[in-house]
Amino acid sequence: PQLINQIAAGEVVERPASVVKELVENSLDAGATRIEIDIERGGIKRIQVRDNGVGIGREQLALALSRHATSKIASLSDLESVATMGFRGEALPSIASVARLEIVSRTADEPHGWRLASDGSEQAGAPAPAAHAPGTTVEVHDLFFNVPARRKFLRTEKTELGHVEQLLRRMALARGEVAWRLQHNGRTVFDLPAGAAGKDDWATAGVGRLRALLGEGFVAHGLTLDEQAVDLRLHGWIAQPAFARSQGDMQFFYVNRRLVRDKLVTHAVRQAYQDVLHHGRHPAYVLFLELPSWQVDVNVHPAKQEVRFREGRQTHDFLFRALHRRLAAGVEPMLSV
Ligand code: ADP
Ligand code: MG
């Protein structure tokens, strides 16, 4: 079973950023409004994610690290479906099989929390009482300490930190209603208060958050955008391309709140920039497209951030027109909006 866990971990856990992704997604699933990520040496030595979500009760905690793998992966075809769909409900056991892991959690109706630890071997002991505010802290130490073949593929501390930062940037831009803090080697990388609640509270990252995550250049060159057509809406921020550090660096496109990378989108954006600014390279944007869920198929490949638009032509034209109109309307500094 431990070997199966490690095989599964191969799908889920590639590097520190993948651990952070799984833990932070769990925090969001738990309804957290504040998430603190604390990592050391790019996350290779230590990753800690602390949230104020609903917490895990004692009984559930006792099961959190055990996978019912022998029954779940019974045949080759099961393994194949796992490889394409990803593992569900198996992130924690997978992480626990390739690192030392500790969870401390408390639900709101318990007088204290419970702690469960495992050291990469078969099973953790029983949960023991521990002090904790309502919410959950997961700590992952020494990633791949027991899988040298995978440890070899980890890059420098700086590169791994870069992956973690980019991941959290993507998440924090779309989750303005959540407060986020990232610390690395004891130093604060960013500390973002929750945005004001409102109709679009999830997108109200606000100028302060944009500045902290994308830099002053983005804000100084940025425009707000909000365009609507029947049941499509595109809103967010676009900026002139001049300052972008490298391709892909500052391109964040969300469809119904999910980050996607899509050729149709890239093409529409480039064309609008090209048309208006005569310069289609390295556009910088944080954009949210909202459309009825029947118009988009998100299950093309869950791990690859791909989507398929059912009305591709129309979606493309809407994006192009919306961006074109906004770019052509000229520069109004974001700060004044
Ligand atoms: P999945 O998220 O696919 O259910 P995981 O292995 O990531 O699988 O987590 C297993 C379960 O542990 C979750 O379904 C959830 O019930 C609980 N859990 C994990 N992390 C948290 C957290 N931060 N807060 C509350 N519950 C959590
Ligand atoms: Mg999960």
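Rules used throughout
- Residues numbered from 1 in each chain as written.
- Chains lettered and ligands numbered in written order.
- Predicted model: local features only at pLDDT ≥ 70, side-chain atom pairs only at ≥ 80, totals over all residues.
- Helix = DSSP H or I, 4+ residues; strand = E, 2+ residues; numbered from the N terminus.
- Buried ≥ 20, exposed ≤ 12 C-beta atoms within 10 Å, placed from the backbone.
- Contact = placed C-beta atoms within 7 Å.
- Pairing = 2+ DSSP bridges.
- Axes fitted to C-alpha atoms, helices over the stretch in contact; angles between N-to-C directions.
- Core = buried A, V, L, I, M, F, W, Y, C linked by C-beta atoms within 7 Å.
- Domains from an automatic or database assignment.
- pLDDT = per-residue confidence, 0-100.

Caption draft 1: View of the overall build of the chain. For the chain, the count of helices and strands is twelve helices and 15 strands. Out of the 337 residues belonging to the chain, those deemed buried represent 36%. Of the contacts formed within the chain by residues at least 6 apart in sequence, a portion of 67% connects residues at least 24 apart.

Caption draft 2: Looking closely at the sheet that holds strand S7 (residues 179–184). Within the open sheet, the eight strands sit side by side as S5-S4-S3-S6-S2-S1-S7-S8. Their pairing is mixed. On the outer flanks of this sheet lie strand S5 (128–130) and strand S8 (187–192), each paired with one strand and no other. Recorded for the sheet is a direction-independent mean angle of 15° between the axes of neighbouring strands. Bridge analysis of strand S1 (residues 34–40) against S7 gives six bridges, and the strand direction is parallel. By the bridge assignment, Ile-39 is partnered in S7 with His-184.

Caption draft 3: Expanded view of the environment of Leu-116. By the secondary structure assignment, Leu-116 is in strand S4 (residues 113–118). On the neighbour-count criterion, Leu-116 (25 C-beta atoms within 10 Å) is buried. Distance from Leu-116 to Ala-128, taken between C-alpha atoms, is 6.7 Å for residues twelve residues apart in sequence.

Caption draft 4: Representation of the nonpolar core. With 77 residues, the main nonpolar core has Val-20, Ile-95 and Tyr-285 as its most contacted residues. Residues from two domains meet in this core; each of domain 1 (2–192) and domain 2 (205–336) gives at least three. Once residues lying within four places of it in the same chain are set aside, the contact partners of Tyr-285 are Gly-236, Trp-237, Ile-238, Ala-239, Gln-251, Phe-252 and Val-269.

Caption draft 5: Highlighting the sheet that holds strand S13 (residues 284–290). The strand order across the open sheet formed by five strands is S9-S10-S13-S11-S12, and the pairing between neighbours is mixed. Single-partner strands in this sheet number two, and they are strand S9 (222–229) and strand S12 (258–259). Those strands touched by helix H12 (residues 312–328) are S9 and strand S10 (232–239), and its axis lies near 135° from that of S9.

Caption draft 6: The arrangement of the confidence of the model for the chain in detail. When pLDDT is averaged along the chain, the result is 86; 84% of the residues meet or exceed 70. Within the model, the stretch residues 69–73 combines pLDDT values under 50 with nine contacts to residues more than four positions away or in other chains. In the predicted structure, residues 81–87 sits below a pLDDT of 50 and forms twelve contacts with residues beyond four places in sequence or in another chain. Both scores are available for the predicted complex, with the pTM at 0.88 and the ipTM at 0.99.

Caption draft 7: The arrangement of the pairing of strand S3 (residues 100–106) in detail. Of all seven residues in S3, five are buried; the element is thus mostly enclosed. Where S3 meets strand S6 (residues 135–141), seven bridges bridge the pair, whose relative direction is antiparallel. The partner of Val-104 across the bridge, within S6, is Thr-137. Sheet analysis places S3 next to S4, joined by five bridges and oriented antiparallel. In the sheet register, Leu-101 faces S4, and the bridge partner there is Ser-118.

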